[in-house]
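Per-entry structural report
Next come the chains, spelled out residue by residue.
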Amino acid sequence: MAQTIWIHKLADAKKVDADGMDYICEHLFQAFTQSGKLTKAKGWNPIPDASAKDGTTYRALFCDSCGKNYNNGNVRMAKEAVLV
């Protein structure tokens, strides 16, 4: 069974820091909430067509772990508010 990758929506102002991607994975979200910024550290994997089970695609930025475990259809939207 595939690992679910939870993604969080970025505010328009933060997309510049994420190479234009609209979403980030849970691990990058946690690092962002702790440090207050997105930094291009080890594990910067832009996936321009990450897909959910229903076929919806997202422009997402994944850490190394999520990048390695990503398969089509295993992305899910998190319910938290948009990052500002």
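You'll find the structure just up there.
Below is a summary of the structure that appears in this document. (Residues numbered from 1 in each chain as written. Predicted model: local features only at pLDDT ≥ 70, side-chain atom pairs only at ≥ 80, totals over all residues. Heavy atoms only, no water.)

We now examine the environment of Tyr 23. Assignment of secondary structure puts Tyr 23 in strand β2 (residues 23-25). Take Tyr 23: its relative accessible area is 11%, and that puts it in the buried class. For the pair Tyr 23 and Pro 48, spaced 25 residues apart in sequence, the C-alpha separation works out to 9.9 Å. Leaving out residues up to four positions away in the same chain, Tyr 23 has contacts with Ile 7, His 8, Lys 9, Leu 10, Tyr 58, Arg 59, Ala 60, Leu 61 and Met 77. (Helix = DSSP H or I, 4+ residues; strand = E, 2+ residues; numbered from the N terminus. Buried < 20%, exposed > 50% of the residue type's maximum accessible area, 1.4 Å probe, protein only. Contact = heavy atoms within 4.5 Å.)

Once that is clear, we can look at helix α2 (residues 26-35). What sets the pattern is the α-helix's 3.6 residues per turn: residues three or four places apart point alike. Listed in full, the buried residues belonging to α2 are Leu 28, Phe 29 and Phe 32. One side of α2 carries all its buried residues, which in axial view fall inside an arc of 105 degrees. Two residues or fewer after α2 comes Gly 36, characterised by a positive phi angle close to 85 degrees. (Arc of directions from axis to C-beta.)

Okay, the pairing of strand β3 (residues 45-51) next. As paired strands, β3 and strand β4 (residues 57-62) are joined by 5 bridges and run antiparallel to one another. Bridged to Ser 51 within β4 is Thr 57. Counting the residues that bridge the hairpin from β3 to β4 gives 5 residues, and of these Gly 55 lies at a positive phi of roughly 95 degrees. (Pairing = 2+ DSSP bridges.)

By themselves, these figures tell us nothing about what the structure is for.
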